[in-house]
Amino acid sequence: MRRSLPLALLAFNSAAASLAAQITGHAPAGAKLSIPQLGLHSVADSSGRFRFDSVGDGRWVIESRSPDGVALALATVVHSRAAVSMKPHALCTNDTTVSPVASPTRVLAWRPAQPAPGTLIEMTLTNDTAQSLWGRVADEPVIFRRDSAGTLVALAAVPLDVSTVHIHVPGRDTAISVAAPPPSVVASAAKPEKLKVAAKFSRRPTSNITRRTEGEGELARTVGEISLAMPPLWRAPFIKPRESRITSGFASGRKFNGTLTSRHTGTDFHGLVGDPIRATNRGVVALVADFYLAGTVVYIAHGAGLVSGYFHQSATNVAIGDTVERGQIIGRVGQTGRVTGPHLHWIVRYDHTSVDPLDVLSLDWMPKRDYGTCRGPDSSAH
């Protein structure tokens, strides 16, 4: 059983500078700390004190893991010094206990009956006395929360390139078949888009760049865990972050400078530098950062495992811990990171699994219970 994570979050921007700075701070005693982008590690002593040496000037995210939970905090290194306080913060959780006990009368249902690859599944459990329940779908954890009388509800995701999805709840294992991907997706994956980007993005990455991108991936995965620990926060259907034309769809193949090939796990919208970007729905800003490939990003945790991300921005209008409303301007179109020109790259994930962002626009499930709004972070940096 996976417990809700107490967390505190703040944003960071990476910077390359002389490696002579020092970060000091406080965290829970015995906490294991790291700066994921730099591969640096520390442990808080019995008084909660910790230190990182040889950190370049700039802004770096620190991750703390302890029995108290996970915390992320910003350390702004100026004139070779920074101090930060890591204060794990309990996120909103369902105000009920999680029960793993199986009910012999439990009825599991899902829709659509045969989901497509890269889409969401809406699930219900009826005839069950549990107040909430953990399970797994496609190797991702899910939590059923009581949404209305007699019904437990949860979301899950179908990964790309699978033909079967396995659903496990205590006392029951179910396998559902996955529909074949649309012909357009198959054709696009087989014939990648040919894109030209800055030469540095197609060279063999250095060990420092590899460490940085792996660390950024860790931070993005943490945001999924955060959202999973939160109840659903939206109250209305999801909307597009921009009304401009789509320039590249989900799951298309990509070839950069003729050598680097990848799968496009988002949807690209046309835009000029400075054009507004809007939150696809209500949620809490979980991360604002500068990533090597994605540029300046904003991640919003919507709860129930759903996360939306907005890449390549030129400016952001929000801070970690802000509760944002559906349609609120959160940033501006830019061309930071690995890009061919200014645009918005929009992603939607369930925990760690990317899904077609346009699929969330047709999500039928609207929470029928007001779970409240999660508080923002209470870490601080100086």
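Model, not experiment: these values are computed from the prediction.

1. Considerations on the environment of Glu243
Structurally, Glu243 is set in the loop between helix H2 (207–229) and strand S17 (246–248). Along the sequence, Glu243 and Phe269 sit 26 residues apart, while their C-alpha atoms lie 8.1 Å from each other.

2. Some details on unusual backbone geometry
Here the amide bond leading from Arg111 into Pro112 is cis, since omega sits at -5°, within 30 degrees of zero. Within the element layout of this structure, Pro112 appears in the loop between strand S9 (107–111) and strand S10 (120–126). With a phi angle near 50°, Ala138 is a residue other than glycine that sits in the positive phi range. Positionally, Ala138 belongs in the loop between strand S11 (132–137) and strand S12 (140–148). Taking the relative accessible area as the measure of exposure, Ala138 reaches 24% and is therefore partly exposed. One non-glycine residue with positive phi stands out, namely Asp139, at about 65°. Secondary-structure assignment places Asp139 in the loop between S11 and S12. Exposure remark for Asp139: the relative accessible area of 66% places this residue in the exposed category.

3. A few points about the sheet that holds S10
Judged by pairing direction, the sheet is antiparallel, and its seven strands sit side by side in the order S9-S10-S13-S12-S11-S14-S15 without closing on themselves. One side of each edge strand has no neighbouring strand; the edge strands of this open sheet are S9 and strand S15 (172–177). Pairwise comparison of adjacent strand axes, ignoring direction, gives a mean angle of 25° for this sheet. For S11 and strand S14 (residues 164–169), the ladder comprises two bridges, and the chain directions are antiparallel.

4. Digging into the side chain of Ser354
The residue Ser354 is located in strand S29 (residues 353–355) in this model. On the accessibility criterion, Ser354 (17% relative accessible area) is buried. Side chain to side chain, Ser354 and Arg349 meet in a polar contact 3.4 Å long. Residues contacting Ser354, with those up to four places away along its chain left out, are Gly118, Phe250, Thr265, Val348 and Arg349.

5. Some thoughts on the sheet that holds strand S27 (residues 329–332)
In spatial order, the strands read S21-S27-S25; together these three strands make up an open sheet with antiparallel pairing. Lying at the two open borders of the sheet, with one neighbouring strand each, are strand S21 (276–278) and strand S25 (315–316). Two strands pair when backbone bridges link them, and S25 and S27 are joined in this way by two bridges, in the antiparallel orientation. Counterpart to Thr316 in the pairing with S27 is Gly331.

6. Overview of the nonpolar core
Residues Met123, Phe144, Trp234, Tyr299, Leu306 and Ile330 are the most contacted members of the largest nonpolar core, which totals 71 residues. Per-element tally for this core: the top contributor is strand S22 (residues 283–291), with seven residues. By size, the runner-up hydrophobic cluster in this structure holds 19 residues, among which are Ala21, Ile62, Ala75 and Val77.

Reading the values: the criteria
- Residues numbered from 1 in each chain as written.
- Predicted model: local features only at pLDDT ≥ 70, side-chain atom pairs only at ≥ 80, totals over all residues.
- Heavy atoms only, no water.
- Helix = DSSP H or I, 4+ residues; strand = E, 2+ residues; numbered from the N terminus.
- Buried < 20%, exposed > 50% of the residue type's maximum accessible area, 1.4 Å probe, protein only.
- Pairing = 2+ DSSP bridges.
- Axes fitted to C-alpha atoms, helices over the stretch in contact; angles between N-to-C directions.
- Polar contact = N/O pair within 3.5 Å; in protein donor to acceptor, adjacent residues only side chain to side chain.
- Contact = heavy atoms within 4.5 Å.
- Core = buried A, V, L, I, M, F, W, Y, C linked by side-chain atoms within 4.5 Å.

Taken by themselves, the reported measurements are silent on function.
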